Amino acid sequence: MTTTGKDTSVVIVGGGVAGLALGNFLLRKGVGCIVLEKHSREHVEQRQRAGSLDVGGVRRLREWGLAEVVEGHGHSDSGGTLPLLIEGEERQWKVGGDDADGADGVYCPQQVLVRNLIKVFLRDGGDLRFGAEDVSLHDMDTANPLVRYRHDDGTARTLSCDYVAGSDGFRGVSRTAVPAEVLTSSTHAFGYAWLAVMTAAPADPPAVMAVHSRGFAAQFTRGPHASRLYLQCPLTDTVDLWPDERIWSESEARLGAYAPSKGPITSKQIVPLQGVVFSPMSYGRLYLLGDAAHIISPMSAQGMSLALHDADVFARAVIHRVEQHDSAPLDRYSQTCLDHTWQKQAAAVWITEAMHDAGDPSYEGEFRKRIALKNLEAMLEPLDVNHPAA
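All of the points below concern the structure found in this document. (Residues numbered from 1 in each chain as written. Predicted model: local features only at pLDDT ≥ 70, side-chain atom pairs only at ≥ 80, totals over all residues. Heavy atoms only, no water.)

One can find Asp 357 in helix α8 (residues 333–357). Here Asp 357 falls in the buried class, since its relative accessible area comes to 5%. At 3.0 Å, the side chain of Asp 357 forms a polar contact with the side chain of Arg 368. What Asp 357 contacts, discounting residues up to four positions off in sequence, is Tyr 192, Glu 364, Arg 368, Lys 369 and Ala 372. (Helix = DSSP H or I, 4+ residues; strand = E, 2+ residues; numbered from the N terminus. Buried < 20%, exposed > 50% of the residue type's maximum accessible area, 1.4 Å probe, protein only. Polar contact = N/O pair within 3.5 Å; in protein donor to acceptor, adjacent residues only side chain to side chain. Contact = heavy atoms within 4.5 Å.)

A word on the sheet that holds strand β8 (residues 127–130). The six strands lie next to each other as β8-β2-β1-β12-β19-β18, forming an open sheet whose pairing is mixed. The sheet terminates laterally at β8 and β18 (282–283), the two strands that pair on one side only. Where helix α4 (residues 110–123) meets the sheet, it contacts β2 (33–37) and β8, and its direction lies at approximately 125 degrees from that of β8. (Pairing = 2+ DSSP bridges. Axes fitted to C-alpha atoms, helices over the stretch in contact; angles between N-to-C directions.)

Another aspect to go through is helix α3 (residues 55–63). Turning to α3, its buried residues number three or more, namely Val 55, Gly 56, Gly 57, Val 58, Arg 60 and Leu 61. Following α3 by one or two positions, Gly 65 adopts a phi angle in the positive range, close to 75 degrees.

Right, let's talk about the packing of aromatic side chains for a bit. Counted under the stated rule, the structure contains 11 aromatic pairs. When the ring of Phe 25 is compared with that of Trp 64, the centres are 4.5 Å apart and the planes differ by 15 degrees; the resulting orientation is stacked. With Phe 25 in helix α1 (residues 17–28) and Trp 64 in the loop between α3 and β4 (74–77), this pair connects stretches of sequence that are 39 residues apart. With relative accessibility at 0%, the residue Phe 25 sits in the buried group. With centroids separated by 5.6 Å and ring planes inclined at 80 degrees, the aromatic side chains of Tyr 192 and Tyr 363 adopt a geometry described as edge-to-face. One end of the pair, Tyr 192, is in strand β13 (residues 184–199); the other, Tyr 363, is in the loop between α8 and α9 (366–377), with 171 residues separating them in the sequence. On the basis of relative accessible area, Tyr 363 is assigned to the partly exposed category, the value being 23%. Ring pairs connect the aromatic residues Tyr 163, Tyr 287, Phe 314 and Tyr 333, which therefore count as one cluster. The ring of Trp 242 has Arg 246 lying over it, and the distance from NZ or CZ to the ring centre is 3.6 Å. (Phe/Tyr/Trp six-rings, centres within 6.5 Å; stacked < 30°, edge-to-face > 60°. Lys NZ or Arg CZ within 6 Å of the ring centre and 35° of its normal.)

Of all five residues that make up strand β15 (residues 217–221), five are buried, and the element is covered over most of its length. Neither face of β15 is exposed, since Ala 217, Gln 219 and Thr 221 on one face and Ala 218 and Phe 220 on the opposite face are all buried. Pairing analysis gives four bridges linking strand β14 (residues 207–211) to β15, with the strands arranged antiparallel. By the bridge assignment for β15, Met 209 is matched with Ala 218. Between β14 and β15, which follow one another and run antiparallel, lie five residues, and Gly 215 among them has a positive phi close to 125 degrees.

Secondary-structure assignment places Ala 372 in helix α9. The buried category is assigned to Ala 372, whose relative accessible area is 4%. Taking C-alpha positions, Ala 372 is 4.7 Å from Ala 354, a pair spaced 18 residues apart along the chain. Apart from residues lying up to four places away in sequence, Ala 372 is in contact with Glu 353, Ala 354, Asp 357 and Ala 358.

Counting across every chain of the model gives 20 salt bridges. A salt bridge links Glu 250 to Arg 254, with the nearest nitrogen and oxygen atoms 3.0 Å apart. Taken together, the positions of Glu 250 and Arg 254, both in helix α5 (residues 244–255) and four residues apart, correspond to about one turn of that helix. For Glu 250, a relative accessible area of 7% gives the class buried. The salt bridge partner of Glu 366 is Arg 370, with a shortest N-O separation of 3.1 Å. Here the residue Glu 366 and the residue Arg 370 both occupy positions in helix α9, the gap between them amounting to four residues, near one helical turn. Of the residues examined, Arg 370 reaches a relative accessible area of 55% and is grouped as exposed. Through salt bridges with shared partners, one network takes in Arg 28, Glu 68, Arg 123 and Asp 124. (Salt bridge = Lys/Arg side-chain N within 4 Å of Asp/Glu carboxyl O.)

The next subject is unusual backbone geometry. Note that the residue after Asp 204, namely Pro 205, is joined by a cis bond; omega there is 5 degrees. Within the secondary structure, Pro 205 sits in the loop between β13 and β14. Although it is not a glycine, Glu 87 adopts a positive phi angle of roughly 50 degrees. Tracing the backbone through its elements, the reader meets Glu 87 in the loop between β5 (81–86) and β6 (89–94). According to the relative accessible area criterion, Glu 87 is partly exposed, its value standing at 40%. We note that Asp 134 has phi near 55 degrees; this positive angle belongs to a residue other than glycine. Checked against the element boundaries, Asp 134 lands in strand β9 (residues 133–138).

Now the structure itself:
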């Protein structure tokens, strides 16, 4: 269904979750698309990122006939729980809340989801170009947008299309094609960071979190032989302040019996917790998806699900335009996605503050700690009558 005279209907800039999901969605409806990814396939498939999909994310994949990309991964039942330690006392956090309709989400490492999306897209005849460097967007405010890039053979290429999907992440080039006087940015900094540590050791159980007077801590699976450890720390901390010995002693103090095995540490980084939303999420024929349009607190585990939501909304709008010759859903794309994004940002702020303020009072004070502890009770399974709260 490629428009006459154009190289393709949609050029997708970026081969992450949003871009690859969108490519697969469009391919299933016969809408022509080309995905440009600046990195190599090996780099993209091994890139370690957060790994949870909520109920909505899993449902969207199933609706598009893509359930296979998350098959075989651990399920997080909406009615189930995961361990949450509060000052060493084990409680159970009600995962998914009370509104998940009995469905479930999954723990799926992002690199595994990306790898599977790539496999299916190429298997089904998709056009995915790795090593596409020096990407630039032109004439987005016209009916003839162009995307220029340098092919991996060194030659300069230009693609004409009907629409451009900018899904190349927070630091990508797509958002820079929106004029500064048009784009607004809303940002919230939480006032603390996570030390994020990759270890070559499995997580058992797949997820555990701790609220502790020394700060928040968590460990999440990243596959059968790797896990990610998070430790709350001041924004002023640097990786040099966290030698391996300190990481292990601090994780033992905060996670207690759930402290991770001391496998080799493969990477460390300081991650400031923040929320960012760019508006509008469209400009002319350019549409922003995923991290190109918003960053959400990692405490919410909503990054991949938000990316899939954007891809779903945009794909359906493009397909509607092609099949019905009606651009109304495309015209509403930005508002539709922003409404959903702000809803998720609100929830992310709530859960982030509850988990972190309830622990170390040096950040927000004793009053906020007490309030946060009360708020946490709404997410916890009641204690057994033979195990009363302190």
